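# Inside the fold
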Amino acid sequence: MAKTKPVEHLERVVIRFAGDSGDGMQLTGDRFTSETAVFGNDLATLPDFPAEIRAPAGSLPGVSGFQVHFADHDILTPGDQPSVLVAMNPAALKVNLADLAKGGTVIANTDAFNERNLQKAGYETNPLEDGSLADFHVHEVALSSMTVEALKGIEGVTSREAERSKNFFALGLMSWLYHRPVEGTIAFIEGKFASRPEIVEANTRAFKAGWNYGETSEDFAVSYEIAPAQLRPGTYRQVSGNTALTYGLIAASKLSGLPLFLGAYPITPASDVLEQLAQLKQFGVRTFQAEDEIAASGAAVGAAFGGALGVTTSAGPGIVLKSETVGLAVTLELPLVVVDVQRAGPSTGMPTKPEQADLLMVMFGRNSESPVPVVAASTPAGCFHAAIEAARIAIKYRTPVFLLSDAYLANGSEPWLIPDVAALADISTEFATEPNDDDGVFLPYKRDPLTLARPWAIPGTPGLEHRIGGLEKENETGNVSYDPENHDLMVQLRAAKVAGISADIPELEVDDPDSADTLVIGWGSTYGAIGAAARRVRASGRRVATAHLRYLNPFPRNTGDVVRAYDKVLVPEMNLGQLRMLLRAEYLVDAVGYNKVRGRPFRAAELAEAMTTLVDS
């Protein structure tokens, strides 16, 4: 498909596709992103979809969106504001227009701007006609009718099915406008709809019709080109956080030599991990969809008792239900990886929106003294290594480990440099095979002097029979004990084991090129926004340092030295100040917070403003 119109070169673009849940916006955005990855741009995405299974068509709650930011240089976020909005109906325009940058571009499906849809969206007049869009460049495109016209004559395709192909018309138009490759999308259509050749023809024809419309329409005078980014050499693929997490768990299984067992109950936004692992059984994966969250976690602990890498996944409401089982694993001292893909709450909350408000729950949400290591992923691709690290700690120290992600990381995507498998560290362990006491008996709670981990004995190993259960254990023997001194000792030992992990994790790294007196410290998915904001603040001539915690319990051993070295400490979080509370309590620093809980990731601009205010104070 050759181009004949002038081409304008840009450094970066942020596009948001928006329409009804049934308009295929997630598919459209994902395909555009895939071709962008193939082209070689750096990118970051932000899918945004409603929690309702199917809200009424044309309604505001039913709007689904997909934002992609791509550039010829390294980027850290999906973009603060879209520069282009593709609005499939009035509701999509109304929900998203406030986010569009002034002077931005609107591509509106004029066929959907009828009286009925305008009323559903709460418009008294048609915004395409009343001058309310004067601050934007508006392209009125009859996406629906042109798609139907292009698909005439395809036998077996109903008029409704033809109209539903309009998302591929829009994808074709945007692919022309921004010089995206087309071969991959055509191959995707042929593969996805292979069972219905007429749908393959319909979607392919709609896609090509959109591309040709861009090339021939006088409404689009130029197209745009964003050069590939200069990324590190290697093989890349587009990856979402949940996919990276899935691959990380499989990698941990192979690196440890343990079969992977996942016990899970479907819950947004963690269900993808269960669904993807269930399709990868050729890697020795066993998945169990339990009847509830309690059974899922119980099965994972049972698998760990049997010598497997036990994993259970959920979101906040499910993690609450797993807390008793996590406490059991603390007492049993068995490895268990508990994945919490956080979402907005409390209770059911906003199931498809991100939040960082489960930190204190995973730290303290169990009865008695039951410390558990906590690892947090910070980028979608970073979920891969975070999963391996959580498994390493769990296996080495015989403890449950929480791995924190969130809906933003889970659904967002970015280029992932596929690692050299041979370079990944071995995390294998040895099972107990013989008695470990001078008297020729097996002591199940006799500890490794360096890690304080107890031996891992597989059930049925001759001579290694031992008690297991939730009652307090006698030191070394594992027998049930109600002795006060023994209980105090066991509590202290379990706490010391977790605290000692700080010697086995990297020190906290600080990015401080200008010897600043202000530190911005975060954790989890705020990584990109904090980094992008710091770039802006430094570009203004101000000095600011940043640090990002990937280990939240225990903290890296130099954390106190880092936070005490700065006069001012800012902690941005998508909660009401949970990490700030921990830092203030642990290190007695006067940290201040930037806290908003909106079910949306932070924008770099708002964090830059907060940083500037603190630096200048």
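Look up: the structure comes first, before these words.
As a starting point, this report considers the structure included with it.

So, how was this worked out
For every chain, the first residue of the written sequence is number 1, and numbering continues from 1 onward in sequence order. Owing to the predicted nature of the model, reporting of local features is limited to residues with pLDDT of at least 70; listing and counting of side-chain atom pairs is limited to 80 or more, with chain, interface and lining totals taken over all residues. Hydrogens and water molecules were not included; the side-chain quantities draw on all heavy atoms of the structure. Helix numbers and strand numbers start at the N terminus; a helix is a DSSP run of H or I with at least 4 residues, a strand a run of E with at least 2. Radius of gyration here uses only the C-alpha atoms, and the compact-globule reference equals 2.2 Å multiplied by the residue count raised to the power 0.38. Exposure classes here rest on a 1.4 Å probe applied to the protein chains alone. A residue is buried below 20% of its type maximum, exposed above 50%, and partly exposed in between. Computed by Shrake-Rupley with a 1.4 Å probe, the accessible areas treat only the displayed protein chains as cover when residues are assessed. At least two bridges found by DSSP between two strands are what make those strands a pair. Helix axes are fitted only over the stretch in contact, all axes being lines through C-alpha atoms; the angle between N-to-C directions runs from 0 to 180 degrees. Contacts between residues were defined by any pair of non-hydrogen atoms, one from each residue, lying within 4.5 Å. The term salt bridge refers to a side-chain nitrogen of Lys or Arg lying within 4 Å of a carboxyl oxygen of Asp or Glu. Residues enter patches when they are more than 30% accessible in relative terms and free of salt bridges; like-charged ones are connected within 9 Å and nonpolar ones (Val, Leu, Ile, Met, Phe, Trp, Tyr) within 5 Å. Take the residue count of a helix, subtract one, and multiply by 1.5 Å to get its expected span. In protein, a polar contact requires one atom able to donate a hydrogen and another able to accept it; more generally it is a pair of N or O atoms within 3.5 Å, and residues adjacent in sequence count only if both atoms are side-chain atoms. Orientation is classified from the angle alone, with under 35 degrees giving roughly parallel, over 145 giving roughly antiparallel, 65 to 115 giving roughly perpendicular, and any other angle giving oblique. By convention, the crossing between two helices is left-handed when the near helix turns anticlockwise from the far helix through less than a right angle, and right-handed when the turn is clockwise.

## A word on the overall build of the protein
Regarding its fold elements, the protein presents 20 helices and 22 strands. Scaling as 2.2 N^0.38, a compact globule of 617 residues should have a C-alpha radius of gyration of about 25 Å, and the protein matches this with 27 Å. With respect to the principal axes defined by its C-alpha atoms, the protein has extents near 90 × 60 × 45 Å. In the protein, which comprises 617 residues, the share counted as buried stands at 57%. Summed over its atoms, the accessible surface of the protein is roughly 25600 Å², and 52% of this surface lies on carbon and sulfur atoms.

## Some words on the sheet that holds strand β4 (residues 63-71)
With respect to topology, 6 strands assemble into an open sheet ordered β3-β4-β2-β5-β6-β7, the strand pairing being mixed. With partners counted over all chains shown, the strands left at the sheet margins are β3 (42-48) and β7 (137-141), one partner each. Across the sheet, the mean angle separating the axes of adjacent strands is 15° when strand polarity is ignored. Bridge count for β3 against β4 is 7 bridges, and the pairing is antiparallel. Opposite Ala44, over in β4, you have His69 as the bridge partner. Those strands touched by helix α1 (residues 25-39) are β2 (12-20), β3 and β4, and its axis lies near 10° from that of β4.

## Some details on the pattern of salt bridges
Inspection of every chain in the model, using the stated rule, returns 27 salt bridges. With its nearest N and O atoms 3.8 Å apart, the salt bridge here joins Asp135 to Lys102. Of this pair, Asp135 sits in the loop between α3 (115-120) and β7 while Lys102 sits in the loop between α2 (90-96) and β6 (105-109), placing them 33 residues apart in sequence. Since its relative accessible area comes to 46%, Asp135 is described here as partly exposed. Salt bridges sharing common partners tie together Arg16, Asp99, Arg600 and Arg603.

## As for a nonpolar patch on the surface
A cluster of nonpolar side chains, namely Ile294, Val320 and Leu321, defines an oily patch on the protein surface of about 260 Å² accessible area. Within the secondary structure, Ile294 is located in helix α11 (residues 293-305).

## Focus: helix α16 (residues 484-499)
Taking 1.5 Å per residue as the helical rise, α16 with its 16 residues ought to reach 22 Å, and the 23 Å between its terminal C-alpha atoms agrees with that figure. Buried positions along α16 lie against α12 (316-332), α14 (383-397) and β20 (551-553). The distance from a side-chain oxygen at the start of α16 to the backbone nitrogen of Glu485 is 3.2 Å, and the residue carrying that oxygen is Asp483.

## A closer look at the side chain of Thr461
Within the element layout of this structure, Thr461 appears in the loop between β16 (413-417) and α16. For Thr461, the side chain forms a polar contact with the main-chain oxygen of Ile458, separated by 2.8 Å. Not counting the four nearest positions on each side in its chain, Thr461 is found in contact with Ala432 and Thr433.

## A closer look at the packing of helix α9 (residues 241-256) against α14
Pairs of packed helices are described in terms of their axes, by the angle between the two and the distance that separates them. Relative orientation of the contacting elements α9 and α14 amounts to 40°, with a least axis distance of 7 Å. Compared by their axis directions, α9 and α14 come out oblique. Crossing angle aside, the handedness with which α9 passes α14 is right-handed. Counted together, Gly241, Ala244, Leu245, Tyr247, Gly248, Leu249, Ala251, Ala252, Leu255 and Ser256 of α9 and Cys383, Phe384, Ala387, Ile388, Ala391 and Ile395 of α14 form the full contact between these two elements.

## Concerning the sheet that holds strand β22 (residues 592-595)
An order of β17-β19-β18-β21-β22 is seen for the 5 strands of this open sheet, with the pairing classed as mixed. Both edges of this open sheet fall to β17 (510-511) and β22, since each of them pairs with a single strand only. Looking at chain direction, strand β21 (residues 568-573) and β22 are connected through 4 bridges and run parallel. By the bridge assignment, Glu573 is partnered in β22 with Asn595. With respect to the sheet, helix α19 (residues 578-587) is in contact with β18 (518-523), β19 (545-549), β21 and β22, its orientation differing from that of β21 by roughly 145°.

## A look at the environment of Ala394
One can find Ala394 in helix α14. Note on Ala394: relative accessible area 0%, which makes it buried. For Ala394 and Leu309, which are 85 residues apart along the polypeptide, the C-alpha to C-alpha distance reads 9.0 Å. Residue contacts for Ala394: discarding those within four places in its chain leaves Pro335, Leu336, Val337, Thr399 and Val401.

These values are about where atoms sit, not about what they do.
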